[in-house]
Amino acid sequence: MNTNSFHFEYKVPGGKLLVADVTVEDTIITSTLISGDYFLEPEEAFDDMTQALVDASTKDSADELKNRLDASLAKYGESLALHGFSTADVALVVKRAVSGAKDFTDYEWEVLNPGPLPSPLNVGLDQYLLEEVQAGRRGPTMRIWDWEDRAVVFGSYQSYQNEINQEGVEKHGIQAVRRISGGGAMFMEAGNCVTYSLYLPEELVAGLSYEQSYEYLDQWVLAALKKLGVNAWYQPINDITSDNGKIGGAAQKRINGAVLHHVTMSYDIDANKMMDVLRIGKVKIVDKGIRSAKKRVDPLRRQTGATREEVVQTLIDTFTSRYASHMGKLSEADLAAGQKLVDEKFSTEQWRHRVP
C-alpha cells in the first residue's frame, strides 16, 4: 500500500487561513487535519470536520467533498458557526492538497513590461512564452502588454465574419488577430486597455475547477483595483465587474503542463469606433440585461481617475509585493521567436479565418 502525506495552505479571500494536512493510502484519504486562524463553534464540530473526509477518494471533486462535510456537520443545525471560512473552502483546500497543487508563493516569478510591441507580436509571444514554461526553459511569468497600433484580438473559436465588421476594420485601419485562447473579441487601440498575461505551471491550478481557476488567478488584480479605489469582484466564468459595471474579462489556453491566463480591462475605449469594428450580437446584449452594447464595459479611467501608466504600475507593484518576483526582459531571441510565430501562423489568412 502506498502512503503519502500532503500539505496545502489557502487564504480564503476576505476570510481566514486554512491549512490542510492530509494522509492518503493509494487513492483513499485516511486522515485530515484542518488548522488555521478561523473560528468554529461548537468546539465538537472540529472533530467531525476532520473526520468527515476519511475514506473519501482523492478523485472526488471539491463539490463531493463539500457534501460529505455538510452531511457530517448537519446535526449541529443553527448552532453551527463557521467564521472566516465555509465547508466549500475546507473541501477546496483538501482537494488542492491531494492534487499536489502549488500556490503563487511557491514560485519565483519573472515580471515583464517590455513596452509597446505590435499586436500580432503580443499574440505570438503568448504562445511562445507558454511553450517555454511548458518545456521548463522559463519559470512562471507575468507579462504586461503594450501597443501603439489598432487591432481586434479575437478568440480562437470565434467566427471572423460573425464577430468582425470588415468595413469598420478597413475604415479605421484595424488589424484582426486571432489569439490561441477562447473567449471574446477585444478592440485594442493604443492606450485604451490594460492587458496582462500569466504563464504558469499547471500545478498552480491543480484541484480547481475551470471556473475557480479564473477567480483564483486574478485575486491579486482585485487587490490592485481596490488600491485604486475600485470595489471589484469576479462574475463567473471570466468577467471582472464592479459597483459601476463591467471592467474586463479573462481567457485561458491550457496545454499539457502549462496554462496561459490573460486579462484585458477597459481603460478608455472609443465606444463608437468599437461598434464600427465589432459585431456584438443582440442575443449577447439581451443576456447581459442591457439595451446598448456601448454600456457593456465601464472604463477604468472614469472609475479610478488614474492614468493608464498609474494603473499598470499599481498592478506590477501589487504583484511583486505579494509574490517573490523580479523584473525581467525579453531577449532578442525571445522577440525573434515570437515574430517567427507571427510570420508562420498569426499573420496568415489560414489562421485568421480558421473559423470563417
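Provided above is the structure to which this section pertains.
Visitor: Residues and numbers for the packing of helix H2 (residues 62–73) against helix H3 (residues 87–98), please.
Guide: Two elements in contact, H2 and H3, have axes separated by 8 Å at closest approach and are oriented at 130°. When the interaxial angle is binned, H2 and H3 end up oblique. Between H2 and H3 the crossing geometry is right-handed. Across from Ala62, Leu65, Lys66, Leu69, Asp70 and Leu73 in H2, the residues of H3 making contact are Thr87, Ala88, Val90, Ala91, Val94 and Lys95. Split by residue class, the contact of H2 with H3 holds 8 nonpolar, 1 polar and 3 charged.

Visitor: Kindly report on the packing of aromatic side chains, identifying the contributing residues and their values.
Guide: Taken as a whole, this structure holds 13 aromatic pairs when the rule is applied. Seen in terms of ring centroids, Phe319 and Tyr323 are 5.1 Å apart; in terms of plane orientation they differ by 75°. Their pairing is edge-to-face. Here the two residues Phe319 and Tyr323 agree in accessibility, since each one is buried. Aromatic pair Phe346 and Trp351: ring centres 5.7 Å apart, planes at 85°, arrangement edge-to-face.

Visitor: Run through the sheet that holds strand S2 (residues 17–25), naming residues and quoting values.
Guide: On the basis of which strands lie adjacent, the open sheet formed by 3 strands has the order S1-S2-S3 and antiparallel pairing. If you trace the sheet from one side to the other, it starts and ends with strand S1 (3–11) and strand S3 (28–36), each paired once. Taking the axes of each pair of neighbouring strands and ignoring which way they run, one obtains an average angle of 15° across the sheet. Relative to S3, S2 is paired through 8 bridges, and the arrangement is antiparallel. Its bridge partner being in S3, Ala20 is matched across the sheet by Ile34.

Definitions and limits used
- Residues numbered from 1 in each chain as written.
- Predicted model: local features only at pLDDT ≥ 70, side-chain atom pairs only at ≥ 80, totals over all residues.
- Heavy atoms only, no water.
- Axes fitted to C-alpha atoms, helices over the stretch in contact; angles between N-to-C directions.
- Helix = DSSP H or I, 4+ residues; strand = E, 2+ residues; numbered from the N terminus.
- Parallel < 35°, antiparallel > 145°, perpendicular 65-115°, else oblique.
- Left-handed = near helix turned anticlockwise from the far one by under 90°.
- Contact = heavy atoms within 4.5 Å.
- Nonpolar A, V, L, I, M, F, W, Y, C, P; charged D, E, K, R; others polar.
- Phe/Tyr/Trp six-rings, centres within 6.5 Å; stacked < 30°, edge-to-face > 60°.
- Buried < 20%, exposed > 50% of the residue type's maximum accessible area, 1.4 Å probe, protein only.
- Pairing = 2+ DSSP bridges.

Treat this as a map of the structure, not an account of what it does.
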